[in-house]
Amino acid sequence: MFSSTRNRIVARVLLIVVFFGLGFRLGHPQDGLKNALGSAKSGIVLYKTGADFKTGAKAMVRIDEPNPSPIIAFIVSAEGESVQIQSGTEVVTVKKEQVYGKLIAVIPFIGTILSVVGL
């Protein structure tokens, strides 16, 4: 009994390490695009680092203060070392280093719990 539980835990930890090594991350956006199940802040997102910066792709982006960061935004264009993003009505230019990665999935409602805890 103890051995099978330990094996499951080890298998899950190894799976997490492999996903992390492949560039997959979880993040809690503070603002940005909304989805059918609520605001960006109410969920957590799965994203892959090393975004390809394709026009129209959704990405997790760190923006400058005083705005809440990180946000979920559309990539409008990418030229040189700058990327233009849009999460509302205005287009903002950020550096490529500020783009965490390409959005894979949104997991709704868990972000609300994280907000209560302070994360």
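On a predicted model such as this, the values are computed, not experimentally measured, just so you know.

Caption draft 1: Here's a closer look at the overall build of the protein chain. Counting its regular elements, the protein chain contains 2 helices and 8 strands. In the protein chain, the succession of helices and strands from N to C terminus is α-β-β-β-β-β-β-β-β-α. Carbon together with sulfur atoms contributes 63% to the accessible area of the protein chain, which is approximately 7,800 Å² in total. A gap of 16 Å separates the mean positions of the 13 positive and 8 negative side-chain charges of the protein chain.

Caption draft 2: Geometry of the confidence of the model for the protein chain. On average, residues of the protein chain score 84 in pLDDT, and 92% of them reach the 70 mark or higher. Mean pLDDT values over the elements of the protein chain span from 69, in helix H2 (residues 110-117), up to 91, in strand S6 (residues 82-86).

Caption draft 3: Structural detail: the pairing of S6. Only one face of S6 is covered, namely the face carrying Val83 and Ile85; the face carrying Ser82, Gln84 and Gln86 is uncovered. Of the strand pairs in this sheet, strand S5 (residues 71-79) and S6 are connected by 5 bridges, and their pairing is antiparallel. Each residue of the ladder has a partner; that of alanine 78, found in S6, is valine 83. Where S6 meets strand S7 (residues 91-95), 5 bridges bridge the pair, whose relative direction is antiparallel. Bridge assignment links isoleucine 85 to a residue of S7, and that residue is valine 92. Two successive antiparallel strands, S6 and S7, enclose a turn made up of 4 residues.

Caption draft 4: Molecular detail of the packing of aromatic side chains. This model, assessed by the stated rule, comprises 2 aromatic pairs. Centre to centre, the rings of phenylalanine 19 and phenylalanine 24 are 5.6 Å apart; their planes meet at 80°, and the pair counts as edge-to-face. Here the aromatic rings of tyrosine 47 and tyrosine 100 are separated by 6.2 Å at their centres, their planes lie at 25°, and the arrangement is stacked. Highlighted residues: tyrosine 47 in strand S3 (residues 43-49) and tyrosine 100 in strand S8 (residues 99-108), separated in sequence by 53 residues. On the accessibility criterion, tyrosine 47 (9% relative accessible area) is buried. Owing to a relative accessible area of 29%, tyrosine 100 belongs among the partly exposed residues under this scheme. A cation over an aromatic ring shows up here: lysine 48 above the ring of phenylalanine 24, its NZ or CZ 5.5 Å from the ring centre.

Caption draft 5: Spatial organisation of unusual backbone geometry. A cis amide bond, omega 0°, links serine 69 with the succeeding residue proline 70. With respect to the helices and strands, the residue proline 70 is situated in the loop between strand S4 (58-61) and S5.

Basis of the calculations
Residues numbered from 1 in each chain as written. Predicted model: local features only at pLDDT ≥ 70, side-chain atom pairs only at ≥ 80, totals over all residues. Heavy atoms only, no water. Helix = DSSP H or I, 4+ residues; strand = E, 2+ residues; numbered from the N terminus. Areas by Shrake-Rupley, 256 points an atom, 1.4 Å probe, with all protein chains shown as cover. Lys, Arg positive; Asp, Glu negative; His and termini not counted. Charge placed at Lys NZ, Arg CZ, Asp CG, Glu CD. pLDDT = per-residue confidence, 0-100. Buried < 20%, exposed > 50% of the residue type's maximum accessible area, 1.4 Å probe, protein only. Pairing = 2+ DSSP bridges. Phe/Tyr/Trp six-rings, centres within 6.5 Å; stacked < 30°, edge-to-face > 60°. Lys NZ or Arg CZ within 6 Å of the ring centre and 35° of its normal.

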